[in-house]
Amino acid sequence: MTGDDALGRLRARLRSLRPAAFGADAAGDRLERIRRSPNFADGAFRNPQATRHRPSGSAVEFARTYFRKEERVRRAPARPVPLHTAAAADLAGPPAFGLRLTWTGHSSVFAEIDGARVLFDPVWGDRCSPFAFAGPRRLHPVPLPLAALGPVDVVVISHDHYDHLDLPTIRALAGSDTLFAVPLGVGAHLERWGVSPSRLRELDWNESTRVRDVRLTATPARHFCGRGLRNRQHTLWASWVAAGPEHRVYHSGDTGYFPGFRDIGTEHGPFDATMIQTGAYADFWPDIHMTPAEGVRAHLDLQGGRPSGVMLPIHWATFNLAPHPWEEPGEGTVTAAAETGCRIALPRPGEPFEPTAATVPATPWWRASAHPAPAARPAPAAAPDDTTDRSGAPAAG
């Protein structure tokens, strides 16, 4: 046996010992396609503009902020989160106006669009972690069983972080007939978990696929990727547009604010609804997660500068992933929306609503569960100027 053969066998052995939740590395034709991508350079996928992926500032300062007792307590609800648990009955009939959204927590949204059933970033697992015994745990139960959604035409994944790509959920769906629309490179993880290649639609930015009468387009985002001990930046991250004959929606995935929202809106908007990341932000990683004010600004950019359509704030309330208080993304979104005239939907987890109906859920439901606010607390950072050059990175998500 040659040295190369021995090395190959050793690598195969090490891969076999790798936890399943780490997924798999791209290889063969998939890796060649990644290398040909216009968004891949110098061995890694690149963001639309300069972006740092590691926390800025002192590690000691970050640790003090993250583990300070009085602030740590406020990063979880004080009382049980009020859930809407009758969604299965609510979803039994079709939406009256052709478009219905059901936010189940964090970034998971079940979207019924002109007859197509689309599930964005489904996370039904108890932890967003590669391990069942450690990692951020749910702050509220899942409001309904995955099976209660009924048949799903397509699962759409924004990127491969644990709070968006969940191994238990994918395995539960792998035996169904659903398709999976994922950014370039993410298909390697799903194949390892039992999804047939024939059911994968793996897209680069600005590529599209059609499921029933809905066109799904992977659009740019400002984030990063990685699941294992090494982050090779060989899987892409994306936001998504879902456009049917009558309605269209946008899901941001995870992203920092960037001027590209305007381009996405010009090309694909305006939208009946946008699902925008508003939580898990921090001054330590301002490039890759938006504050609520930035999220509202992104919604307006996507709508051509007009406060049209409905914005659903996502990526909050379910996991503790950042130093801010648990309820702050909700409060910040309400404040920013009021200042701009933006129409927002505030459903409880599990509560379906129709964005084009005369009314949408608008009660700040989280206030009954949050800790009392201190007498004075700094507001979240305002949306930056387009020309601001900022840096940072997340602890998770």
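**Student:** Which parts of the structure should I look at to understand the overall build of the protein?
**Tutor:** A count of helices and strands for the protein gives 10 helices and 15 strands. For the protein, the share of sequence-separated contacts (at least 6 apart) that also reach a separation of at least 24 residues comes to 72%.

**Student:** Would you take a moment to explain the side chain of Thr217 for this structure?
**Tutor:** Note that Thr217 resides in strand 10 (residues 214-219). Setting aside residues up to four positions removed in sequence, Thr217 forms contacts with Asn206, Glu207, Ser208, Ser239, Trp240, Val241 and His268.

**Student:** Just checking my understanding: could you explain the packing of aromatic side chains for this structure?
**Tutor:** We describe a pair of aromatic rings using the distance from one ring centre to the other and the angle between the two ring planes. All told, the structure shown has 14 aromatic pairs when counted by the stated rule. On the numbers, 6.3 Å between centres and 45 degrees between planes, the contact of Trp103 with Trp365 is tilted. Pair noted here: Trp103 is in strand 3 (residues 99-105) and Trp365 is in the segment after strand 15 (352-353), with a separation of 262 residues, a long-range link. Each member of the pair, Trp103 together with Trp365, is buried.

**Student:** Which parts of the structure should I look at to understand the sheet that holds strand 14 (residues 310-314)?
**Tutor:** Within a sheet, neighbouring strands are paired by backbone hydrogen bonds and run either parallel or antiparallel to one another. The 6 strands are arranged 9-10-11-12-13-14 in an open sheet whose pairing can be described as mixed. A single partner strand is all that each edge strand has here, and the edge strands are strand 9 (208-211) and strand 14. Strand-to-strand, the axes of this sheet are offset by a mean angle of 15 degrees, without reference to chain direction. Judged from the 4 bridges that link them, strand 11 (residues 239-243) and strand 12 (residues 248-251) form a sheet pairing that is antiparallel. Across the sheet, the residue bridging to Val241 is Tyr250, located in strand 12.

**Student:** Looking at this model, I keep getting lost on the sheet that holds strand 5 (residues 116-120). Mind explaining?
**Tutor:** One open sheet accounts for 7 strands, arranged 8-7-6-5-4-3-15; its pairing is mixed. Strands at the two margins of the open sheet, each flanked by one partner only, are strand 8 (200-203) and strand 15. Sheet topology note: the strand 3/strand 15 ladder contains 2 bridges and is antiparallel. Counted as the bridge partner of Thr102 is Pro352 from strand 15.

**Student:** Looking at this structure, I do not really get the environment of Ala111. What am I missing?
**Tutor:** Within the element layout of this structure, Ala111 appears in strand 4 (residues 108-113). What makes Ala111 buried here is its relative accessible area of 0%. When the C-alpha atoms of Ala111 and Val152 are compared, they prove to be 9.7 Å apart, with 41 residues separating the residues in sequence. Filtering out sequence-adjacent residues up to four positions away, Ala111 remains in contact with Arg100, Leu101, Ala116, Arg117, Val118 and Phe120.

**Student:** I'm lost on the confidence of the model for the protein in this one. Help?
**Tutor:** The predicted coordinates of low-pLDDT regions are not to be read in fine detail. Residues at a pLDDT of 70 or more form 87% of the protein, whose mean pLDDT is 90. For the protein, per-element mean pLDDT is lowest for helix 1 (residues 3-17), which scores 53, and highest for strand 11, which scores 99. Note that residues 383-396 has pLDDT below 50 and, in this model, 47 contacts with residues that lie over four places away or in other chains.

**Student:** Help me understand the environment of Pro323 in this model?
**Tutor:** Mapped onto the fold, Pro323 is located in the loop between strand 14 and helix 10 (328-340). In the structure, Pro323 is positioned 41 residues away from Ala282 in sequence and 6.8 Å away in space, judged by C-alpha atoms.

**Student:** Help me understand the packing of helix 8 (residues 260-268) against helix 9 (residues 292-302) in this model?
**Tutor:** Angle between the axes and distance between the axes: these two values describe a pair of packed helices. Running from N to C, helix 8 and helix 9 cross one another at 35 degrees; their axes reach a closest spacing of 7 Å. Note on packing geometry: the crossing formed by helix 8 with helix 9 is right-handed. Touching Phe261, Arg262, Ile264 and Gly265 of helix 8 are Arg297, Ala298, Asp301 and Leu302, all from helix 9. Of the residues belonging to the contact of helix 8 with helix 9, the class tally is 4 nonpolar, 1 polar and 3 charged.

**Student:** Please clarify how the nonpolar core should be interpreted in this entry.
**Tutor:** A general trend in soluble globular proteins is that nonpolar side chains are found buried together. If you look at the biggest cluster of nonpolar residues, it comprises 69 residues, and the most contacted ones within it are Leu101, Phe120, Leu216 and Trp240. Ignoring anything within four residues of it in the chain, the contact list for Leu216 reads Val154, Val156, Ala181, Leu203, Glu207, Ser208, Thr209, Val211, Trp240, Val241 and Ala242. Ala21, Leu119, Val195 and Leu200 belong to the second-largest nonpolar core, a separate cluster that totals 37 residues.

**Student:** Teacher, can you tell me more about the pattern of salt bridges here?
**Tutor:** Pairing between side chains of opposite charge can happen when their charged atoms approach one another. On inspection of all chains with the given rule, the structure shows 14 salt bridges. Between Glu202 and Arg30 there is a salt bridge, with the nearest N and O atoms lying 3.0 Å from each other. Taken as a pair, Glu202 in strand 8 and Arg30 in helix 2 (residues 28-36) lie far apart in primary sequence, 172 residues in all. The pair formed by Glu202 and Arg30 is uniform in burial state, with each residue classed as buried. Measuring nitrogen to oxygen at the nearest pair gives 3.6 Å for the salt bridge that ties Glu112 to Arg117. Classification of Glu112 by relative accessible area gives buried; the value is 5%. Beyond isolated ion pairs, a larger network of salt bridges with shared partners links Arg30, Glu191 and Glu202.

Procedures and definitions
- Residues numbered from 1 in each chain as written.
- Predicted model: local features only at pLDDT ≥ 70, side-chain atom pairs only at ≥ 80, totals over all residues.
- Heavy atoms only, no water.
- Helix = DSSP H or I, 4+ residues; strand = E, 2+ residues; numbered from the N terminus.
- Contact = heavy atoms within 4.5 Å.
- Phe/Tyr/Trp six-rings, centres within 6.5 Å; stacked < 30°, edge-to-face > 60°.
- Buried < 20%, exposed > 50% of the residue type's maximum accessible area, 1.4 Å probe, protein only.
- Pairing = 2+ DSSP bridges.
- Axes fitted to C-alpha atoms, helices over the stretch in contact; angles between N-to-C directions.
- pLDDT = per-residue confidence, 0-100.
- Left-handed = near helix turned anticlockwise from the far one by under 90°.
- Nonpolar A, V, L, I, M, F, W, Y, C, P; charged D, E, K, R; others polar.
- Core = buried A, V, L, I, M, F, W, Y, C linked by side-chain atoms within 4.5 Å.
- Salt bridge = Lys/Arg side-chain N within 4 Å of Asp/Glu carboxyl O.

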